[in-house]
Amino acid sequence: MNTQTSQTHLIVRGSILHFLQDPGLYPDAESYRYLDDGYLWLADGYVRTTGAWDALGDIPAPVRNVAEWADHSGQLILPGLVDTHMHYVQAGMIASFGCRLLDWLNDYTFPAEAAFTHPEVAAETARFVVDRLLAHGTTTASVFGSVHPQSVDAFMAEAQRRGLRMLCGKAMMDRHCPPEVRDTAERSGRDSQDLIDRWHGKDRLRYTITPRFAPTSTPEQLAIAGQLYQSRPDLHVQSHLAENDKEVAWVAELFPDQRDYLDVYEHYGLTGPRTIYGHCIHLTEREQLAMSQSGTAAAFCPTSNLFLGSGLFDYYGMAKSGVRVGLATDVGGGTSFSMIRTLAEAYKVSQARHHALSPLRGWYLATLGGARALYLEEFIGNFEPGREGDFIVLKLDATPELAFRMDRTRTLAERLFALTILGDERCVAATYVMGQRIH
Ligand code: GUN
Ligand code: ZN
């Protein structure tokens, strides 16, 4: 313990909550830790430990003497929120009226993404989106760029400047889209490789191979994407799967030799650890089982699925079958940057499927569940010793409605549920990244 005073120490006081397992699958005692009045101790930006405020004396006196202190008494301290699927390049077309998926893509999305050929559009949007993610308490996200490599450069540069753990990739799309947002199989492979060389593993950044979805890629492009994923042990993959009925029928026409939608991705080697697919609503039993067995994750995007009329994700069934599931805003198909609002919609979707998503399980989903879905749980997602010190401070009385309701709660679960349903970004009092307050 004698080297400790040469490190930078931060001791944070507040109500500390973090998860060790999925509360839907494990008993309370194994699934979460809650300290009503506790401390979180970080050294050089990494979690050292947590404890009850009463037991502060467990931290050696020389450390306490040199530590910085942050008093968030009475506020809730949680690991940074994890958005497992969002399109930063759609920030300017979120809330576009009236379409379902395929028309929405053609009428609004592709034209909006075409603007990202200009680096200044990319830089301005990246700065705005990263600012807003932090304001909403999101410290890690799996992010889609446009087809243009410069869109990824802009996002990665902005995330690196703030020291964030972020995933991003350039959309690969070589058919069924306008020429302004179309690449070729060969060029998409080269551009993705250049971006991997430039960004993957730099500071806390990772590259995600991003074939947009099966309909906008030729078999040649999907094969190149699969080869890239197989080329290194730590690259990620993101795409879309079984979001909309017409999309599913179209994929069956385009890939007649494949058994189902997931089989297209399986055929090209795009399933397995560190792969995550948005939506996954209209899946067969076979696809669900295959995702579970291969470790292929699903991103649950409730605001998007309601907004685009896509359907109701079967969270209970997917989690029960062992699929890694994360929660996601899916901006701009989704309607909010807020993971809190997204959690409220996840609750409503699960109600419509006759399985109420419990408040503890919900907050697991927004933190450790997301980290696991992205295979980043060795770095982020909870306050186990050695984890990176990304955390948020939530004010439970941020609005009069919340304060009034909170006064009438008795249990942690009741407070978390009121926060889920009534809360939003107004509750995010502070966002810390590697122990530095950056919002
Ligand atoms: N499927 C293919 N591209 C997209 C997209 O940008 N958003 C959504 N929600 N679904 C997609
Ligand atoms: Zn998406």
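Thresholds applied
Residues numbered from 1 in each chain as written. Chains lettered and ligands numbered in written order. Predicted model: local features only at pLDDT ≥ 70, side-chain atom pairs only at ≥ 80, totals over all residues. Heavy atoms only, no water. Near = heavy atom within 4 Å. Polar contact = N/O pair within 3.5 Å; in protein donor to acceptor, adjacent residues only side chain to side chain. Areas by Shrake-Rupley, 256 points an atom, 1.4 Å probe, with all protein chains shown as cover. Core = buried A, V, L, I, M, F, W, Y, C linked by side-chain atoms within 4.5 Å. Buried < 20%, exposed > 50% of the residue type's maximum accessible area, 1.4 Å probe, protein only. Contact = heavy atoms within 4.5 Å. Pairing = 2+ DSSP bridges. Helix = DSSP H or I, 4+ residues; strand = E, 2+ residues; numbered from the N terminus. Axes fitted to C-alpha atoms, helices over the stretch in contact; angles between N-to-C directions. Donors = N, O, S within 2.8 Å, 3.2 Å for Na, K, Ca; no water. Tetrahedral: all angles 85-135°; square planar, octahedral: opposite > 155°, others 65-115°. 1 Å grid on protein atoms, 1.4 Å probe; cavity = no way out; pocket = protein on both sides within 12 Å on 5 of 7 lines; lining within 4 Å. Points joined across faces, edges and corners; volume = space filled by probe spheres on them. Nonpolar A, V, L, I, M, F, W, Y, C, P; charged D, E, K, R; others polar.

K.L.:
Looking at this structure, how should I read the site of ligand 1?
P.N.:
Lining the immediate environment of ligand 1, one finds His87, Gln90, Leu101, Trp104, Leu105, Arg212, Phe213, His240, Glu243, His279, Ser304 and Asp330. At a separation of 2.7 Å, an oxygen atom of ligand 1 approaches a polar side-chain atom of arginine 212. Histidine 279 places a polar side-chain atom, nitrogen or oxygen, 3.4 Å from a nitrogen atom of ligand 1. Computed on the free molecule, ligand 1 has an accessible area of 280 Å², of which 100% lies beneath the protein chains in the complex.

K.L.:
I keep staring at the nonpolar core and nothing clicks. Help me out?
P.N.:
Note that soluble globular proteins tend to have their nonpolar side chains buried in a common cluster. If you look at the biggest cluster of nonpolar residues, it comprises 108 residues, and the most contacted ones within it are Tyr88, Leu241, Trp363 and Leu394. Ignoring any residue separated from it by four or fewer positions in sequence, one finds leucine 241 in contact with Tyr261, Leu262, Tyr265, Tyr277, Gly278, His279, Cys280, Ile281, Leu283 and Met291.

K.L.:
Sorry, what's going on with the sheet that holds strand β14 (residues 391-394) here?
P.N.:
Through backbone hydrogen bonds, the strands of a sheet pair up, either in parallel or in antiparallel fashion. In spatial order, the strands read β3-β2-β1-β4-β14-β15-β16; together these seven strands make up an open sheet with mixed pairing. The open sheet has two edge strands with one neighbour each: β3 (46-52) and β16 (436-437). In terms of strand pairing, β14 meets strand β15 (residues 428-433) through four bridges, oriented antiparallel. Opposite phenylalanine 391, over in β15, you have tyrosine 432 as the bridge partner. On the sheet, helix α14 (residues 359-373) packs against β1 (9-19), β2 (32-43), β4 (68-79) and β14 and is oriented at approximately 130° with respect to β1. Helix-sheet contacts for helix α16 (residues 412-422) involve β1, β2, β4 and β14, and the interaxial angle to β2 is about 70°.

K.L.:
What's the story with the coordination of the zinc ion (ligand 2) in this structure? I'm lost.
P.N.:
In an ideal tetrahedron of four donors about a metal, each angle is 109.5 degrees. In an ideal octahedron of six donors, the angles are 90 or 180 degrees. For the zinc ion (ligand 2), the protein coordination sphere consists of His85 (NE2), His87 (NE2), His240 (NE2) and Asp330 (OD), at 2.0 to 2.5 Å. Geometry at the zinc ion (ligand 2) is irregular, judged from the four donor atoms that bind it and their angles of 92 to 162° at the metal. In terms of primary sequence, the donors binding the zinc ion (ligand 2) are separated according to H-x1-H-x152-H-x89-D. Here the residue histidine 85 occupies a position in strand β5 (residues 81-87), and aspartate 330 occupies one in the loop between β13 (325-327) and α13 (339-352), the gap between them amounting to 245 residues. Across the pair, aspartate 330 and histidine 85 agree in class, each one buried.

K.L.:
Explain empty space enclosed by the protein to me, please; I cannot follow it from the model alone.
P.N.:
A probe matching the size of a water molecule, rolled over the atoms, marks out where space remains unfilled. All told, the structure shown has three cavities of 30 Å³ or more when counted by the stated rule. If you add up the space inside the largest cavity, you get close to 90 Å³. Around the largest cavity sit His87, Gln90, Leu101, Trp104, Leu105, Arg212, Phe213, His240, Glu243, His279, Leu308 and Asp330, which together line it. The biggest single contributor to the lining of the largest cavity is helix α3 (residues 101-114), with three residues. For the lining of the largest cavity, a count of residues per class yields five nonpolar, four polar and three charged. One number sums up the size of the second largest cavity: a volume of about 50 Å³. Along the walls of the second largest cavity sit Pro79, Gly80, Val82, Thr139, Ile380, Gly381, Asn382, Glu388 and Asp390, which together make up its complete lining.

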